[in-house]
Protein chains: 2
Amino acid sequence: MRLVLVDQGLELLDERACMELLRTGEVGRVAVTLGALPAIFPVNFRMVDDAIVFRTGPGTKLSAASDGAVVAFEVDDWDRADRSGWSVLAVGPAEVVRDADVAFKVVDAELEPFAGGERSTIVRIDPVILSGRRIVGDPES
Amino acid sequence: MRLVLVDQGLELLDERACMELLRTGEVGRVAVTLGALPAIFPVNFRMVDDAIVFRTGPGTKLSAASDGAVVAFEVDDWDRADRSGWSVLAVGPAEVVRDADVAFKVVDAELEPFAGGERSTIVRIDPVILSGRRIVGDPES
């Protein structure tokens with residue numbers, strides 16, 4: 001038996017479960033502010049040393065907006081057929097990685113963006129706040 | 001023949017293509033600010049009268065943060081096997097729908113959230129800025 005917290009038909013996941021799910025993800029979304037406007041960008045990512053890392057192009061809006069900012073990062077996975085799924089939200093400071101050691105680890109992690117183009121800038125997000133939800137199914141709804 | 005704009009290995013989609021893709025989506029993500037912190041929430045959505053609509057619980061963080069705010073909304077679809085996919089970003093003002101006519105249209109659109117729980121609040125996002133990208137594949141990468 002285990003204790004499960006349920007909120008609005010959603011099972012709340014603890015930090016450990018969130019980290020495990022983050023490690024299974026491949027595409028996540030980063031929310032940043034461009035000027036005064038919010039924006040969301042999908043990225044291929046990997047977990048390296050418990051941080052979220054992704055590659056982007058040098059001088060892109062995404063690298064400029066995320067460097068030094070607190071950003072939100074989300075990963076989810078859904079099954080349309082049985083209407084089940086989960087999502088994890090990580091919030092924390094982001095920075096462009098300038099440390100060669102981390103860069104090599106990213107290369108070792110085989111983080112290859114789906115898209116081509118030059119994506120030599122590595123951004124790292126340190127997940128300070130982690131929350132996750134899983135749809136447990138509700139026979140009443 | 002058609003002219004295709006390509007940015008960093010990504011084909012840029014025009015507004016019409018973005019709207020068409022939005023109509024095929026089922027799960028999207030909303031970026032809002034909670035206090036001073038950014039957050040991303042996945043939602044089941046439908047397009048009603050060219051606006052994005054989703055249901056949430058009354059009094060939730062999501063309905064409070066999105067009512068009256070300019071928010072970002074993102075939908076994407078990826079194929080891990082052939083590393084292809086697309087994403088659409090819509091930015092615009094959001095509001096809690098208090099008009100019964102719109103509420104009835106949402107019911108007609110059979111917008112049923114995957115999760116149970118009470119989700120009687122309808123939020124509408126008017127997409128003022130639309131941008132989209134499709135991975136066209138890059139034999140060089």
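Reading guide: rules and limits
Residues numbered from 1 in each chain as written. Chains lettered and ligands numbered in written order. Predicted model: local features only at pLDDT ≥ 70, side-chain atom pairs only at ≥ 80, totals over all residues. Heavy atoms only, no water. Least-squares fit on C-alpha atoms with pLDDT ≥ 70 in both. Contact = heavy atoms within 4.5 Å. Patch = residues over 30% accessible without salt bridge, like charges linked within 9 Å, V, L, I, M, F, W, Y side chains within 5 Å. Areas by Shrake-Rupley, 256 points an atom, 1.4 Å probe, with all protein chains shown as cover. Salt bridge = Lys/Arg side-chain N within 4 Å of Asp/Glu carboxyl O. Helix = DSSP H or I, 4+ residues; strand = E, 2+ residues; numbered from the N terminus. Buried < 20%, exposed > 50% of the residue type's maximum accessible area, 1.4 Å probe, protein only. Phe/Tyr/Trp six-rings, centres within 6.5 Å; stacked < 30°, edge-to-face > 60°. Core = buried A, V, L, I, M, F, W, Y, C linked by side-chain atoms within 4.5 Å.

Colleague: Any chance you could explain the relation of the copies chain A and chain B here in plain terms?
Modeller: Relating one copy of the chain to the other takes a rotation about an axis and a shift parallel to that axis. Taken as rigid bodies, chain A and chain B are interconverted by a rotation of 180° and an axial shift of 0.0 Å, the fit giving an RMSD of 0.0 Å. The operation mapping one copy onto its partner corresponds to a two-fold rotation axis. Taking C-alpha positions as reference, the residue of chain A nearest the rotation axis is A:Ala31, located at 3.2 Å. Taken together, the interface assignments show that 100% of the residues at the interface of chain A recur at the interface of chain B, consistent with an identical surface on both copies.

Colleague: Can you help me understand a nonpolar patch on the surface in this one?
Modeller: A grouping of A:Leu37, B:Val70, B:Val128 and B:Ile129 is seen on the molecular surface, where their side chains present a nonpolar patch of about 320 Å² in accessible area. Tracing the backbone through its elements, the reader meets B:Ile129 in strand 9 (residues 129-135). The partly exposed category is assigned to B:Ile129, whose relative accessible area is 39%.

Colleague: Would you mind showing me how to read the packing of aromatic side chains here?
Modeller: A ring pair, where both rings are aromatic, is described by two values, the distance of the centres and the angle of the planes. Residue and element names in this part refer to chain A. Here the structure, examined in full by the defined rule, presents 2 aromatic pairs over all chains. Ring geometry for Phe 45 against Phe 73: centres 4.9 Å apart, planes inclined by 75°, an arrangement best described as edge-to-face. Of this pair, Phe 45 sits in strand 4 (residues 37-48) while Phe 73 is found in strand 6 (residues 70-79), placing the two residues 28 residues apart along the sequence. The pair Phe 45 / Phe 73 is uniform in exposure class, with both members buried.

Colleague: What am I meant to see in the nonpolar core here?
Modeller: Across soluble globular proteins, nonpolar side chains show a tendency to be buried alongside one another. If you look at the biggest cluster of nonpolar residues, it comprises 26 residues, and the most contacted ones within it are B:Leu22, B:Val30, B:Phe54, B:Phe73 and B:Ile125. Breaking this core down by element, the ones donating at least two residues are helix 1 (15-24), strand 3 (27-34), strand 4 (37-48), strand 5 (51-56), helix 2 (61-66), strand 6 (70-79), strand 7 (84-96) and strand 8 (121-125) of chain B. Sequence-distant contacts of B:Leu22, defined by excluding residues within four places in its chain, comprise B:Phe45, B:Met47, B:Phe73, B:Val75, B:Val88 and B:Leu130. Core analysis: the next-biggest nonpolar cluster, separate from the first, contains 25 residues, A:Leu22, A:Val43, A:Ala94 and A:Leu130 among them.

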